Structures are given as structure tokens and as C-alpha cells.
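What follows is the residue order along each chain.
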Amino acid sequence: MDLRKRLALLLCAAALLSCGLATADEEGSQDESLDSKTSLPSEEQVGDRSTGTRVVAGQIFHESGESDSHTEDDESFRSPEEEKESMLEELNSLEMSNLLNKNLEDVEIQKPVLTAIGGTADSEPCHFPFLFLEKEYAECTADGREDGRLWCATTYDYKRDQKWGFCETEEQSNKRRQMQEAEDVYQTGMKILNESSKKAQKKEAYQYLLKAADMNHTKAMEKVSYALLFGDYLKQNIQSAKELFEKLTEEGSPKGQTALGFLYASGLGVNSSQAKGYRYWGGIGVLQSCESALTHYRLVANHVASDISLTGGTVVQRIRLADEVENTGMASGMLEEDLIQYYQFLAEKGDVQAQVGLGQLHLHGGRGVEQNHQRAFEYFNQAANAGNSHAMAFLGKLYSEGSDIIPQSNETALQYFKKAADMGNPVGQSGLGMAYLYGRGVPVNYELALKYFQKAAEQGWVDGQLQLGSMYYNGIGVKRDYKQALKYFNLASQGGHILAFYNLAQMHATGTGVMRSCHTAVELFKNVCERGRWSERLMTAYNGYKDGDSNAAVVQYLLLAEQGYEVAQSNAAFILDQKEASIVGENETYPQALLHWNRAASQGYTVARIKLGDYHFYGFGTDVDYETAFIHYRLASEQQHSAQAMFNLGYMHEKGLGIKQDIHLAKRFYDMAAEASPDAQVPVFLALCKLGIVYSLQYVRETNIREIVSHLDMDQLLGPEWDLYLMTIIALLLGTVIAYRQRQHQAILRPVGLRPAVPQQEPPPEHQPPQ
């Protein structure tokens with residue numbers, strides 16, 4: 001009976017196997033007809049799918065514990081016959097699985113067979129590996145040929161059989177060699193570009209990239225096309241850049257597609273009447289969707305947050321050109337060259353504060369100073385040798401992070417952090433907390449990490465506040481507390497820490513510890529995104545504008561404006577408003593400026609909101625529309641308390657433009673403008689004087705003067721002798737005028753009768769004072 005069962009089971013297994021193989025053959029033939037490839041699961045993947053798991057829709061689910069215990073109970077109550085049968089079934093299943101595995105091993109994915117071209121074995125398949133000059137080759141080679149053309153042997157031993165052929169046609173060989181030459185030229189250019197900071201050398205590097213681009217090297221074309229677009233080290237040429245972008249787009253380059261979309265959006269080099277937006281957040285060109293905006297911003301913010309180092313990134317100055325013009329005395333945040341040289345002089349003379357300040361400037365860059373870790377290290381080292389705790393802490397940061405200049409060393413970093421922390425420096429305390437938190441040079445100790453972070457946070461150091469928030473958020477070394485995490489993340493965000501904004505955005509996006517708010521999360525994620533490395537182009541554009549290259553500046557600002565940078569939007573609009581960009585057509589200048597003023601205003605920039613009112617008031621880039629202008633001025637007045645907007649509202653009420661004329665409301669807005677800004681007091685005074693005259697004239701027009709005079713009783717008003725008083729006043733005024741005129745006449749006549757002054761004679765000797 002057992003033998004029959006076994007035979008029956010084997011027959012069933014064979015039938016199932018044949019069906020499975022037939023199905024696999026059919027699927028394989030279908031796949032081959034579609035030129036698609038499939039891969040078999042690895043042994044590890046197969047091993048993971050053991051008893052107790054099941055695969056559903058590509059995911060592995062473990063069976064519940066109850067079913068496992070139930071199976072064990074069933075096995076414990078089996079009879080000896082059942083046990084024998086189960087053993088036979090296991091043996092049969094094992095044999096079947098071995099057979100299945102054997103058949104699966106036989107089913108291999110066939111690699112495409114290379115056929116020799118020409119040579120001594122034309123149309124014969126290449127043999128891999130083959131032996132040539134006592135070396136085995138598993139692929140085609142150019143060894144032994146001066147022309148560099150790839151070849152293969154069609155038998156194992158080339159020396160014995162002399163059977164060979166080319167692996168490529170002559171055309172394919174020439175193309176491959178050309179691409180290799182282009183790659184070599186590209187790498188040479190990139191090496192010069194990355195290793196040099198001088199403008200002349202960077203221009204030389206772009207000549208190599210230009211040569212590689214002419215040889216159709218994709219990456220070189222991307223670099224050159226953007227250089228032509230922005231005018232970076234190559235003369236700006238929008239049309240040439242557009243042609244390269246179109247070529248890259250046809251080849252499937254994402255960078256080419258992005259840039260070409262930007263050109264069509266901004267109307268540069270293409271026929272476009274206005275810019276086409278793409279962001280879901282503003283609902284520009286697409287249906288407004290907070291959730292879609294959240295998804296896109298979060299993806300970018302993840303990249304920015306992962307790029308943040310312990311020493312922080314480059315500082316980006318956000319300078320608004322309109323504010324510089326309106327407030328010429330306002331500091332732009334850029335340091336003058338003379339001031340930098342003065343600080344350098346102080347540092348060389350041993351001024352510790354100057355050394356630390358210059359070290360921080362070179363560490364983070366910004367304010368007109370390029371990022372330079374070598375200079376930063378030198379200044380910090382000088383200040384640390386003088387006993388400055390801040391410099392010691394930053395040296396610890398440099399060693400902890402490591403760079404091409406300073407080798408990474410946890411031990412050295414720990415020494416500097418300890419010295420600074422012992423002196424009560426919050427930067428050193430935070431660095432020491434990081435060492436204990438992650439076990440850098442010391443064993444992991446969450447209690448000590450918490451202790452040092454608290455000390456640093458109490459002194460207002462943002463890194464300490466951020467790490468405290470992270471410990472409370474993740475429950476590391478403390479009980480998980482989202483309220484405390486939110487508190488410390490908020491404190492760190494007030495200090496401008498990027499990761500604090502990122503963590504707050506995550507909490508608001510997921511509703512962790514706070515009410516879920518898509519709007520708040522998007523704004524926070526947007527803040528993070530705008531601090532990424534690409535924001536450094538803001539300073540490139542600003543420097544280009546200051547150097548007089550408005551075309552290059554406006555292109556870079558327009559690109560950043562499409563990404564949502566409010567500073568870039570307002571600066572692009574300002575350059576267009578001043579008509580300083582010749583690459584934009586004259587008829588497109590004001591409409592383009594109006595578009596970007598509108599985008600900047602929607603992000604809360606007051607000057608942009610007032611500009612929108614001006615454009616609608618005067619009809620720049622749009623029709624004259626006093627009502628729309630009035631709305632924009634009112635928004636700027638109510639939301640940003642702008643004195644300029646209040647003054648404009650007063651003028652419109654005075655003239656009745658876009659609103660019913662009301663002199664009383666006009667005076668009210670003029671008074672509000674004077675209270676809002678001291679700079680508005682003089683214009684408001686003149687406007688109120690004018691308003692008083694207008695009001696008087698209007699009163700006179702509306703009043704009957706003769707009727708007033710006929711009813712006027714001077715005796716009753718001023719007394720019975722009012723005429724004497726009036727004559728006395730008139731006489732006094734007349735005398736004053738006559739006296740003033742006589743004095744003025746004498747002052748005019750006196751210079752005519754002047755004669756040269758007679759030199760004063762010296763007194764006689766007897767009257768001279770004794771020597």
C-alpha cells in the first residue's frame with residue numbers, strides 16, 4: 001500500500017512538473033517575443049520563503065502563532081502509521097523540490113551570442129573565454145591591434161587555431177573610439193574645473209568641455225548648455241543653449257528637459273507671451289493641491305537635509321535689489337574688500353576676535369567671502385593657541401567632519417571639544433554631546449549626551465537645542481515626549497537651523513505631536529528646499545548684476561524664480577522693470593515683470609504688492625485698472641502696514657480713483673502713513689497742505705459768500721470800535737513792511753560804495769608794548 005502511494009505521488013509530481021515546465025516554456029517564448037528578460041530568485045530569497053510564511057503580491061507575510069501551535073498539537077497526536085506516511089510525503093516532496101531545482105538550474109537566461117565579423121572566422125560565434133598570449137579573455141579585446149578595434153577568437157586557443165573576427169563594424173569602432181576620446185577630454189576639463197578657483201583656469205576648463213560637447217558627449221553638453229544659458233565662463237548665448245537643450249531632450253537627458261521647460265516657461269529664446277508656472281503650491285498652471293505640493297517639496301527637502309554636515313553648509317545671502325535701491329543706507333550683508341583687509345590686518349596682529357570671525361567667514365562662506373576650509377583652519381588654530389574656547393570648538397567640528405584639507409579624527413576632535421566644554425563653551429558642549437550620542441572616540445553614553453546638550457541649549461546654541469529635540473522625539477536616553485521635541489525644534493528653528501525646519505515639517509506633515517497641517521508643512525519644507533546647494537546661484541546672479549551683466553543675472557534669477565525663490569522672483573522683476581535685460585523683448589518686459597511681481601507678492605513681499613498696484617494704476621504690462629490697484633494697495637496697507645501703500649490710498653481717496661472721492665478718508669490715510677514711517681512725514685505734510693487748500697476751495701464753492709457777509713454784524717462780533725483796531729493793525733503791518741524794505745535797500749547799496757580798506761598804521765614806538 002505504501003509503495004502504491006509513493007508511486008502515485010511520484011506520478012502526480014511528474015505531471016505537475018511537466019505542466020509547470022510547459023507553462024514556463026510558453027511564458028518564456030512570449031517573453032522572448034517581447035524582447036524582455038526575467039530573473040530567477042536568488043537562493044537567499046528562496047530560503048527566506050520557508051515554512052510559516054506565504055507570499056502575497058510580492059510581500060512576505062508570516063503565518064500567525066496560533067496556526068503554528070495548532071500544527072504542533074496535531075503532530076503530537078499522530079499514530080505510528082501516520083508518522084510513516086508523513087515521512088514518505090516529506091521524502092517525496094524533497095525529491096520533487098530537488099528535481100524542480102535541477103530543472104530550474106538547467107533553465108538559464110541565454111546571453112546574446114556575439115558573431116565574428118570578418119577575420120578568419122566570419123559569421124562564427126565568439127568563444128568566451130579564449131586564450132591569447134597566455135591570458136584568458138572573457139570579452140572582446142583590442143589587445144594586439146594598433147587601431148584599437150575590438151576582436152574575439154572563435155575557439156579557445158587562438159595561437160593554435162588562428163580563428164578570429166571583429167566584434168564590431170568599422171563604423172561602430174570609430175564611434176566608440178570617438179566617444180572614448182570625448183570622455184578623456186571631458187575628464188580633463190572637469191579635473192581643471194574642480195581643482196581650480198581662478199577664473200582664467202575655469203575658462204580653460206570650459207574650452208575642454210566645449211570640445212567634448214562638439215563630440216556629442218552628453219555630460220559635456222549639459223555643462224556647456226547651462227554655461228551658455230547663464231554666461232558662466234562662456235559668452236551668454238540663449239539660442240545656442242536652446243539648441244543644445246533640444247538635442248539633450250531628444251536623447252532623454254533630464255537636465256535638458258528641465259532647462260527646455262524653463263525656457264518655454266520664462267519665454268527666453270522661444271515664442272511665449274507669458275511665463276507658465278508649474279508649482280502646485282501656488283496653483284500656477286496646474287490645479288492647486290497642497291498634498292501634491294507637500295509630496296514634491298518633501299522629496300527635495302530629504303535630499304537637502306541629508307546633505308547637511310556638522311559644520312553646516314555655505315551661507316547664502318538673500319539680497320533684494322529693490323530694497324537696495326529704496327534704502328541706499330541699508331547694509332546688504334556683503335563685506336567690503338577694505339573691511340576684510342582690515343580684519344585680516346587685525347588677525348595678523350594677534351586680535352583673537354578677528355581671527356575667530358574670519359575663521360567662521362571662511363568656514364561657511366558668504367558675505368563676499370569664499371568658503372575655504374584651509375584658511376578657516378589657520379585662523380581657528382591661531383585663536384585656539386591664544387586660548388579662545390570658540391576657536392577650539394570649531395576646530396573640533398572641523399576634525400569631526402573631516403575634509404580634503406583636514407583629515408577626519410575623532411580623537412583630536414574630542415580633545416578640542418573637551419577643552420572648549422570645560423571652559424563653558426556651548427559649541428564645545430554640543431560637540432561633546434554628539435561624541436557621546438554616536439560613540440565618536442568614546443563609548444556611547446546617552447546620559448552624558450543629554451547632559452551636554454542641555455548645557456548647550458541653556459546657552460541658546462542651536463545645535464544643542466536640535467539634538468535635544470531629536471532625543472525627545474526618538475526617545476533616546478529619555479522618555480519619548482513630542483511636546484518637548486516640538487519645543488526644542490521651535491527654538492532651534494528660531495536660530496535658523498535647517499534640520500530644525502525639516503523636523504518641524506515632518507511633524508506637521510504627519511500630525512506627530514501637533515495637529516496635522518499641510519499648509520504649515522509645505523511652508524517649512526519649502527524653507528528647507530530653498531537652503532539647498534542650488535541656492536548658491538543667488539549670489540552668482542547678484543555678483544553678475546553688480547558687475548554689469550544684467551542678462552546673465554536675469555536668466556539665473558528666472559530659473560530660481562521658477563523653483564519658487566521669492567528673492568529671485570522679485571529681483572528678476574526688478575531687472576525687467578528697469579529694462580536692463582536686453583535678452584527679453586521690449587513688449588514682453590512689463591508683462592514678465594508683472595508676472596514675477598505677482599508671484600513675489602503672493603509670498604508676502606511688500607514692495608512687490610505695491611508694484612502690482614503701480615502696474616495696474618499706470619497700465620504697465622496690463623490695462624489701467626484703478627479698482628485692482630486700490631485692492632493691492634489696501635492689501636499692502638492692511639497686511640504689511642506699508643506707509644507707501646497708505647499714502648497711495650490717501651491719494652486715490654482724494655482724487656476719487658477706483659473709489660468714491662472722500663477727503664476725510666484721504667486725510668485719515670495720510671495721517672496713518674505719517675505714523676507708520678518717519679520718512680513719510682514730509683510728503684504727508686505737503687499732501688495735507690494741498691488737501692487743506694482743496695478743502696477750502698471746495699467749501700468756498702459750496703458756500704454763498706454774499707449771504708454770509710450780509711448777515712455778519714462786526715459791532716456785535718468785535719465790539720463798537722472794531723474799525724480803530726483794524727486801522728491800528730494795518731498801520732503796524734505797513735510800518736513793518738516799510739522798515740524791512742529800507743533795510744533791504746541799504747544792504748544792496750552798501751557794496752557799491754565800498755573802497756579798499758586803508759591798512760591800519762602801527763602805533764608809534766612809545767605806544768608799543770614792551771618786548
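Since the structure is predicted, the reported quantities are computational estimates derived from the model, not experimental observations. (Residues numbered from 1 in each chain as written. Predicted model: local features only at pLDDT ≥ 70, side-chain atom pairs only at ≥ 80, totals over all residues. Heavy atoms only, no water.)

*Asks:* Break down unusual backbone geometry for me, citing the residues and quoting the values.
*Replies:* At the junction of Phe128 and Pro129, the peptide bond is cis and its omega measures out at -5 degrees in the coordinates. Note on placement: Pro129 falls in the loop between helix H4 (80-106) and strand S3 (130-132). One non-glycine residue, Glu134, lies in the positive phi region at around 60 degrees. Structurally, Glu134 is set in the loop between S3 and strand S4 (135-137). By relative accessible area, which is 80% here, Glu134 ends up exposed. The phi dihedral of Asn216 is positive, around 65 degrees, even though this residue is not glycine. Position of Asn216 among the secondary structure elements: in the loop between helix H7 (199-214) and helix H8 (218-230). Given a relative accessible area of 34%, Asn216 falls into the partly exposed group. (Helix = DSSP H or I, 4+ residues; strand = E, 2+ residues; numbered from the N terminus. Buried < 20%, exposed > 50% of the residue type's maximum accessible area, 1.4 Å probe, protein only.)

*Asks:* An account of helix H11 (residues 290-306) is needed here, citing residue identities and associated values.
*Replies:* With 17 residues, H11 should reach 24 Å at 1.5 Å per residue; the first-to-last C-alpha distance of 24 Å fits that figure. Along H11, the positions that sit buried rather than exposed are Ala293, Leu294, Tyr297, Ala301, Val304 and Ala305. Of the surrounding elements, those touching the buried residues of H11 are helix H22 (498-510) and helix H23 (518-529). (Expected span 1.5 Å × (residues − 1). Contact = heavy atoms within 4.5 Å.)

*Asks:* If you had to explain the confidence of the model for the chain to someone new, which residues and values would you point to?
*Replies:* In the predicted model, the chain carries a mean pLDDT of 75, and 73% of its residues have values of at least 70. In this model residues 751-771 is a low-confidence stretch, pLDDT under 50, and it forms 2 contacts with partners more than four residues away in sequence or in other chains. (pLDDT = per-residue confidence, 0-100.)

*Asks:* Give a description of the state of the cysteines that names residues and reports values.
*Replies:* In the structure shown here, the tally under the stated rule is 3 disulfides. Here Cys140 is linked by a disulfide to Cys167, with a sulfur-sulfur distance of 2.0 Å. Residues Cys140 and Cys167 are joined through a disulfide that is left-handed, its torsion about the S-S bond being -90 degrees. With Cys140 in the loop between S4 and strand S5 (151-153) and Cys167 in the loop between strand S6 (164-166) and helix H6 (170-195), the pair connects residues that are 27 residues apart, well separated along the chain. Residue Cys140 shares its accessibility class with Cys167, and that shared class is buried. Note on cysteine connectivity: Cys290 is disulfide-linked to Cys518, with sulfurs 1.9 Å apart. Between Cys290 and Cys518, the S-S torsion sits near -115 degrees, and that sign places the bridge as left-handed. With Cys290 in helix H11 and Cys518 in helix H23, this pair connects stretches of sequence that are 228 residues apart. Among the residues examined, Cys290 registers a relative accessible area of 25% and is labelled partly exposed. Residue Cys518 is classed as buried on the basis of its relative accessible area of 10%. (Disulfide = S-S within 2.5 Å.)

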